[in-house]
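Analysis of the macromolecular model
Listed here are the chains, written in short residue letters.
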Amino acid sequence: MPAPSGGAPAARKRHWGLAALIAALSMIGPFAIDTYLPAFGAIREEFDAPQIAVQQTLSAYLLAFALMMLWHGALSDALGRRRVVLGSLAIFAFATLGCAIAGNVESLWLFRTVQGLCAGAPMVVGRALLRDRFHGPEAQQLMSQVTLIFGIAPAIAPVIGGVLLNAFGWRAIFWFLLAFTLALLAWCVRALPETLPPSMRQPLHPKALWRNYRTVLGKLDFLLLAAIPALNFAAFFTYVAAAPAFLVDLLGVSTQGFAWLFVPMITGIMVGALISGRVAGRLPLERTVRLGYAFAFAGVALNLAIAALHPAGVAWHVLPILVFCIGSAVIMPSVTLILLDLVPSMRGLTSSLQGFLQFSLAALNAGTIAPFLSHSLWSLALGMLTFTVASVALWIVYLRRRPTLPLHP
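Residues numbered from 1 in each chain as written. Predicted model: local features only at pLDDT ≥ 70, side-chain atom pairs only at ≥ 80, totals over all residues. Heavy atoms only, no water.

**Quick look at the nonpolar core**
What counts here: Throughout, nonpolar core names a set of buried Ala, Val, Leu, Ile, Met, Phe, Trp, Tyr and Cys residues whose side chains join them through atoms within 4.5 Å. Throughout this description, buried means an accessible area under 20% of the type-specific maximum (1.4 Å probe, protein chains only), exposed means over 50%, and partly exposed covers the range between. For the purposes of this entry, the term helix denotes a DSSP run of H or I that reaches at least four residues, the term strand denotes a run of E that reaches at least two, and both are numbered from the N terminus. Note on definitions: a residue-residue contact is assigned when non-hydrogen atoms from the two residues lie within 4.5 Å.
Counting residues in hydrophobic clusters, the biggest one holds 102 residues, and the most contacted among them are Leu 62, Tyr 239, Phe 246, Leu 261 and Phe 359. At 10 residues, the largest contribution of residues to this core is made by helix α12 (residues 220-241). Those residues in contact with Leu 261, other than ones at most four positions away along the chain, are Tyr 239, Val 240, Ala 243, Phe 246, Leu 247, Val 318 and Ile 321. Among the nonpolar cores identified, the runner-up in size contains 24 residues, and Ala 74, Leu 285, Val 335 and Leu 399 belong to it.

**Re the packing of aromatic side chains**
Filter applied, for reference: Stacked, tilted and edge-to-face pairs are distinguished by plane angle, under 30 degrees for stacked and over 60 for edge-to-face with tilted covering the rest, among Phe, Tyr and Trp rings (Trp via its six-membered ring) whose centres lie within 6.5 Å.
This structure, assessed with the given rule, holds 14 aromatic pairs. Between the aromatic rings of Phe 31 and Phe 176, the centroid separation amounts to 5.8 Å while the plane-to-plane angle is 35 degrees, which identifies the pairing as tilted. Taken together, the positions of Phe 31 in helix α2 (residues 28-34) and Phe 176 in helix α10 (residues 171-191) put the pair 145 residues apart, joining distant regions of the chain. You can call Phe 176 partly exposed: its relative accessible area is 27%. Relative to Phe 174, the ring of Trp 170 has its centre 6.1 Å away and its plane inclined at 90 degrees; by these criteria the two rings are edge-to-face. Judged by its relative accessible area of 3%, Trp 170 falls in the buried class. Residue classification places Phe 174 among the buried residues on the basis of a relative accessible area of 2%. Taken together, the ring pairs connect Tyr 36, Phe 40, Phe 47, Trp 170 and Phe 174 into an aromatic cluster.

**Details of the pattern of salt bridges**
Keep this limit in mind: Each salt bridge in this description consists of a side-chain nitrogen of Lys or Arg and a carboxyl oxygen of Asp or Glu lying within 4 Å of one another.
Scanning all chains against the criterion turns up 3 salt bridges. With a closest N to O distance of 2.9 Å, Asp 221 and Arg 401 form a salt bridge. A residue pair is termed long-range when its members are at least 10 positions apart, and Asp 221 in helix α12 and Arg 401 in helix α18 (residues 377-401) qualify at 180 residues. Judged by relative accessible area, Arg 401 falls into the partly exposed class, the value being 36%.

**Here's the deal with the side chain of Asn 365**
Note the cut-off: Any pair of N or O atoms that falls within 3.5 Å is considered a polar contact. Within protein, one atom must be able to donate a hydrogen and the other to accept it, and sequence-neighbouring residues count only if both atoms are side-chain atoms.
Note on placement: Asn 365 falls in helix α17 (residues 347-373). In terms of polar contacts, Asn 365 uses its side chain to reach the side chain of Thr 238, at 3.0 Å. With residues near it in sequence (within four places) discarded, Asn 365 still touches Ala 234, Phe 237, Thr 238, Ala 370, Pro 371 and Phe 387.

**A look at the environment of Ile 326**
One can find Ile 326 in helix α16 (residues 314-340). A relative accessible area of 9% places Ile 326 in the buried class. As a C-alpha pair, Ile 326 and Ile 266 span 60 residues in sequence and 8.9 Å in three-dimensional space. Leave out the neighbours within four places in its chain, and Ile 326 touches Gly 268, Ile 269, Val 271, Gly 272, Ile 275 and Phe 295.

**Things to note about helix α14 (residues 259-279)**
Keep this limit in mind: Given a helix with a known number of residues, its expected span is that number minus one, times 1.5 Å.
Taking 1.5 Å per residue, 21 residues should reach 30 Å; α14 reaches 29 Å between its end C-alpha atoms and fits that length. Of the residues flanking the end of α14, it is Gly 281, one or two places downstream, whose phi is positive at about 85 degrees.

**Side note on the layout of surface pockets**
As a reminder, the rule being used: Buriedness for pockets is judged along seven lines, at least five of which must meet protein on both sides within 12 Å for an open set on the 1 Å grid over protein atoms alone, while cavities are sets there where a 1.4 Å probe fits but cannot get out, and lining residues have an atom within 4 Å of a point. Grid points are joined across faces, edges and corners, and a volume is the space filled by probe spheres set on the points.
As a volume, the largest pocket reaches approximately 320 Å³. Lining the largest pocket are 19 residues, with Phe 40, Gln 51, Gln 55, Pro 244 and Ala 245 positioned closest to its centre. Listing elements by their share of the lining of the largest pocket, those giving two or more residues are α3 (40-47), α4 (51-79), α13 (243-250) and α17. If one sorts the elements of the lining of the largest pocket by residue count, α13 sits on top with 4 residues.

Right, dumping it as structure tokens:
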């Protein structure tokens, strides 16, 4: 009898260790975006480049990130999860070194694009790896744990970036990112398991890939479910993409004050992830998602009211974002797990397509929508409202198509 009782805690510890590793891998993407946002002005001055040219270093990264997401999952379905993660981290480290030593804004575009091409693999493959190994309420709890740990990155990244910028200059931000990537690579070499045996792998052949993509994209349920987290993400990512204008121009904070946005935002994500983990196995999926939308619309309503009635002030204008992010983090794990089970034999490809949709919208948002909305607090609040209404409308359509959902993932 002692062996089982001692084995269960050990197994649980390994499970949470794997969740922590996958969450850390998912932090690569946010770190590559948020850490250098405070440095836009310094990069512009050193390279004597217009603001739009510096802004395009973010758009180039996001566009490459989104496009390559189409392939990360398919590659992992064919080659195995571990190999794709290790290879992508190595390439990302090389590109980050290039960013650190870039001599002009054009070189920065190039290396940011290479970063974007491989930064999505850890997140896409990590989600598939987690779903390969875990099922039921445990899968929802671990996915929520990933969201919780992953949420730390956007909170601390701009703070770290601001400190490094003011102490050592903008290039130190990329040297820090390089060190973080190399540490993750060493961790993965030691601890990342392979969860897809050769017998379950898909052929990496153009005809087979086209057939697989067509199978997943031909499912209306996939399109509905993939769009829901993409729209929820867009609702608060608008504030991330517009952070320099939102914080510095509209609210009057300094380049060291980016924590005013990111700490409340990530606090909301962490609280929402905790709620999602607590209700796993207790609430049906539909009620969990409904709870998430209750928080999200409370945040939207509060945002509109404050934007209309309250003068510019940091604390009040970031509070609604915190509330919204609680709802988004409650919704995300449940919807993602339903999505990944639509075609169980192609979870990597399904995760890729979901990520492609999410970050294509993020790239469009960063390059066109956020700059258009960033001229006023009211227009940013209306942007959040629009994305959220679209998200809940698609969820309602999905429920009408699938009136009976599984109680648990």
